[in-house]
Each structure stands twice: as C-alpha cells, then as structure tokens.
Amino acid sequence: MRRLNSTAVFLSPWNFKAGPAGRIRLRILFSIVLIGWFPSFLAAKISRPELLTVTEDSFTLYWETDQATGCRVEYGGQISRRDQSQEEKGGQGLFHLLKVNGLKPGTEYFYQIKCGKEISGQTPLSPEKLTTLTLPDGKLLFSFAVMNDLHINEEAAGLMLLPGAKKASLTPGFKWKDPNDPYWNFTNRSAVRQINGLSPELVIVNGDLTSWFTEAEFKLAKQMLDGLQMPYYPLRGNHDRQGAEPEDWFKKAFHLERSYYAFKQGGFLFICLDSIRLKDGWEEITPEQWTWLENTLKEHTGVPSFIFSHYPLALGGAGINKNDRKKFLDILSAYPQIIACFYGHKHGAKIGLLKLGGREIPQILVPTTKEYPAGFALVRVFENGIVYNFQPEDCENCLEWRSVTMGEYSGMAPRINGGTLQDRNFLYPFPEQIQNLIKP
Ligand SMILES: [Fe+2]
C-alpha cells in the first residue's frame, strides 16, 4: 500500500516532494510530454490502404481510420515531390474512398494518404506508386459495364456452400447490422446509380442475380436492374436455376424467349451463354446451345466478338464439366474473331491470357457487386484495344460493408477475391487479326 502511494506521489509533479526548483523543472517536463503525447493520441490511425483502380487519368484509393476524420491524398511525379493534393469531399468517416483525377497518361506517380499528422505507409495493397494507363490508339467506339453475382435476397455473405446445398455452410458468414436495409440492397443500388453516372451504352449482368431462384427474387432483381438508364442483358448463374420451382423464373422475369442469345453493338458481337444445368446449378451447355454457338460464330466470322458466361468455362474448376471445357477451348481456337471471355461465379478479380496457338485471349473474372471487393467493371472499347477498370461501389454503407467482408476466408479475402492491381485494371491492345476486322 505504501509503495502504491509513493508511486502516485512520484507521478504527480504538483505533489512531488522536492524543492521549488525541482518542482518547476518537473512541471515543465510533464507539460512537454503532454504536448507531444496528446496530438499523437488524437491523430486518426490509417489502416488497410488499398490502391483499387488506375486509369489513364486517375487513381482510386480506399483506406480506414480508427476515428471519424477527413483526410487527403498528396501525390506527385517524384517520391520527394508530392506537391499536389486532393482533399476528401463530404462527411468525415471511418471508411474512405478517394478518386484522384487530372493525371497524365503513361506517367509514374507517387502518393501518400494524410489524416491530420498521420501519414500512410507502403503496403503490398498500397504500394504508394503507380503508372497511369496509356490508352490504345484510335478513337473510343463505345463502353459497357459488367455486373456480377448480385445475390438478391441473400441472408449472409461469405458462406461456403456446395452447389445444391441450402445449408451446411462451412462458415457462419457475415450479416449487415440493419435487417431493414440488407447489404445486397445498398451494394447493388449503388452499382446501378454509379453505372448510370458513367453512362455506358449497355450493361451485362453475368449471373447469380438471385439467391434461391424464387419468383419474388427475380422480380426484385428486375425491379432493381430496371433502374439502369441503358439496355441491360441478364445471364443465368447457378443461383438462378429452376431447381424444383414450377417455372423457369429467370426466363419469365426478363421476358427471354431463350436463355442464351447474341446481339450486336458498334460493330461487335456480344455472345451471352447459359452455362447452368437447370435442375441443380452445375455447369452444362446443352447440345442445342453448342450448335447455336458454333452457327452464330460461323455466321459472324468477320465480326469481333466477346463471350460472356457465368461459369468460367475455359478456366474449369469445381462444378464445370471437363468435356464442356474442352469443347469451349476448341471453339476459342477455331474462331479467331473472339476477343475475350468474361466470367463471374468466383466473386473475385482475376485476369489471365489464354494462349491458343499463336493467339492470346483474355479470360476476365469480374468481381461481385455484393461483397468485397464490391464493385463492377467498366470496359471501354477503342478501335485498337479495350481498357478494363474495376469500379468500387462508393455508398457509405458499401464502404463499411466492404470492410466487414474483407474478413471473409479468415481475413484472406483481399488475397483470394481482391486480385492484383492488374487483375482489376487491364489494357488489351487488339492483335492484328482483330484490328483487321474493325471497320474504321
Ligand atoms: Fe455467385
């Protein structure tokens, strides 16, 4: 007890039993410590910075702070000269997203995030340097957006279910705090609002619009997608199967005569496949659809073409029939007008080049709208190439939900679903045989 008392006395300069000069010296020392300590205590700590998107004239950063605060990004052409700055607009929060505009194409930039006195540090997801993209030659022809894996009416995110299973998840998953505004509602609505702001010519909605393929879920999905101010084209995902439902609600809700189809835009062909077995959601391309696909490609040998399917057909994996994969690869080899394939299902960002003979065909996995990394893709089609950029959702709840679902896969979601900067931002110059097909 005596010892405790004496410690307390020692820590208080106003009670320190020394001469007057000693007390003054100690008070000065204590004040210096307080002055130095308080600002650092009050400064918001920066965590989880991520460089999400880089275009030819912008980059977009995400980060978190442990206190609600406004921050800014300082950037410049040299690490020692970050002489430009962009402040966050709007409210001050814990979850931050900032797009820095007005950059030069093909130029290296260095950046740092600053929140009061706190300065960000380099991390694997935020290297604090980047090079802006250089656009392909030729003029912009049109653009399109790709939304994936909306999962309307889903109860929990991050579950690990096998196809056909309704329960028995390997993980408890993640739920949003407000049951009156579920995460699939605000994330998908934000995507629709942001796509309207970007005004692409069309939107591809590449599967898993619903969770359990009920009529009510399809009606809700259609109502939400009808908010898009441009044509949109839905594809079936494994969650949009018929199962034991009395009707194929996917076809009925979207007034589709056939669940696979093709259309033209700006001299390009868009081929939308139905890669789902109706009864259980496993991958299947029916014999009729294979015939239709080959006939469609034969009829359009001079038309550069994009192919979309929910299952990553050329990549293979769980649920994908090996014979279908082989057949699809044979088709990609046989028809040189195919530019690229877009897939969903995996919920993550991944882009690879499939080598077939002397050609390379991009295989693009577009992330989900409804959980980390929470966004959609904008694809700009130029005369001589395509530019692909991930667009993160920016609503306030979206950013908090992004943070929550970063915890999926035991916190490995950034590595598993986030992909690399190159998996989210991609420039593909058309090879000569595609350029020759594009009419000026
Ligand atoms: Fe999905």
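Please refer to the structure higher up on the page.
Quick look at the structure, then.

Another aspect to go through is the overall build of the chain. Per the secondary structure count, the chain includes 12 helices and 20 strands. When the 440 residues of the chain are sorted by exposure, 39% land in the buried category. Long-range contacts, defined here as pairs at least 24 residues apart, represent 73% of the contacts in the chain between residues at least 6 apart.

Of note, Ile438 is situated in the segment after helix H12 (432-435). A sequence separation of 55 residues divides Ile438 from Glu383, and the C-alpha atoms of the two residues are 6.9 Å apart. Contacts of Ile438, omitting those with residues within four sequence positions, involve Gly267, Pro304 and Glu383.

Let's shift gears to the sheet that holds strand E19 (residues 385-392). Backbone hydrogen bonds are what pair the strands of a sheet, in a parallel or an antiparallel way. Taking strand neighbours across the sheet as the criterion, the six strands line up as E11-E10-E9-E18-E19-E20 in an open arrangement whose pairing is mixed. With partners counted over all chains shown, the strands left at the sheet margins are strand E11 (232-235) and strand E20 (425-429), one partner each. Adjacent strand axes in the sheet meet at a mean angle of 20°, parallel and antiparallel pairs treated alike. With four bridges connecting them, strand E9 (residues 140-147) and strand E10 (residues 202-206) associate as parallel partners. The residue bridging Phe144 from the neighbouring strand is Leu202, located in E10.

Turning our eyes to something else, we now look at the packing of helix H3 (residues 183-198) against helix H8 (residues 396-405). Relative orientation of the contacting elements H3 and H8 amounts to 120°, with a least axis distance of 9 Å. What the angle tells us is that H3 and H8 run oblique. Considering how the two elements wind past one another, H3 and H8 form a crossing that is left-handed. Residues Tyr183, Phe186, Thr187 and Ser190 of H3 pack against Asn397, Cys398 and Trp401 of H8.

So, on to the nonpolar core. Residues Ala145, Val146, Phe308, Phe342 and Ala377 are the most contacted members of the largest nonpolar core, which totals 99 residues. Residues lining this core come from more than one domain, with at least three contributed by each of domain 2 (46-131) and domain 3 (140-435). Residue contacts for Ala145: discarding those within four places in its chain leaves Ile195, Leu198, Pro200, Val203, Phe376, Ala377 and Leu378.

For the rest of this paragraph, the subject is the environment of Leu278. With respect to the secondary-structure elements, Leu278 resides in the loop between strand E13 (268-272) and helix H6 (287-299). Residue Leu278 is classed as partly exposed on the basis of its 18 C-beta neighbours within 10 Å. What Leu278 contacts, discounting residues up to four positions off in sequence, is Arg241, Gln242 and Asp248.

Attention shifts here to the environment of Glu400. With respect to the helices, strands and loops of the structure, Glu400 is situated in helix H8. Here the alpha-carbon distance between Glu400 and Glu64, two residues 336 residues apart in the chain, equals 9.3 Å.

Attention now goes to the sheet that holds strand E5 (residues 93-100). Pairing within the open sheet is antiparallel, and its three strands lie in the order E1-E2-E5. The open sheet terminates on both sides in strands that have one partner only, identified here as strand E1 (46-54) and E5. This sheet shows a mean twist of 20° between the axes of neighbouring strands, independent of strand direction. As judged from the seven bridges shared by strand E2 (residues 59-69) and E5, these two strands associate in the antiparallel manner. The residue of E5 that forms the bridge with Thr69 is Gly93.

Moving on, we get to unusual backbone geometry. The omega torsion across Tyr372 and Pro373 is 10°, close enough to zero to call that bond cis. Take Pro373: it is sitting in the loop between strand E17 (359-365) and strand E18 (375-382). One non-glycine residue, His151, lies in the positive phi region at around 50°. Checked against the element boundaries, His151 lands in the loop between E9 and H3.

For E13, the buried fraction is high: four of the five residues fall into the buried class. The pairing of strand E12 (residues 261-265) with E13 spans five bridges and is antiparallel. Residue pairing across strands places Ala262 opposite Ile271, the latter belonging to E13. Between the antiparallel neighbours E12 and E13 lie two residues, among them Gly266 with a positive phi of about 55°. Where E13 lies against strand E14 (residues 305-309), four bridges are found, and the strand directions are parallel. Looking at E14, one finds that Cys272 is bridged to Phe308. Crossover E13 to E14 through H6 is right-handed.

About the criteria used
- Residues numbered from 1 in each chain as written.
- Predicted model: local features only at pLDDT ≥ 70, side-chain atom pairs only at ≥ 80, totals over all residues.
- Helix = DSSP H or I, 4+ residues; strand = E, 2+ residues; numbered from the N terminus.
- Buried ≥ 20, exposed ≤ 12 C-beta atoms within 10 Å, placed from the backbone.
- Contact = placed C-beta atoms within 7 Å.
- Pairing = 2+ DSSP bridges.
- Axes fitted to C-alpha atoms, helices over the stretch in contact; angles between N-to-C directions.
- Parallel < 35°, antiparallel > 145°, perpendicular 65-115°, else oblique.
- Left-handed = near helix turned anticlockwise from the far one by under 90°.
- Core = buried A, V, L, I, M, F, W, Y, C linked by C-beta atoms within 7 Å.
- Domains from an automatic or database assignment.
- Right-handed = clockwise from strand over helix to strand, strands pointing away.

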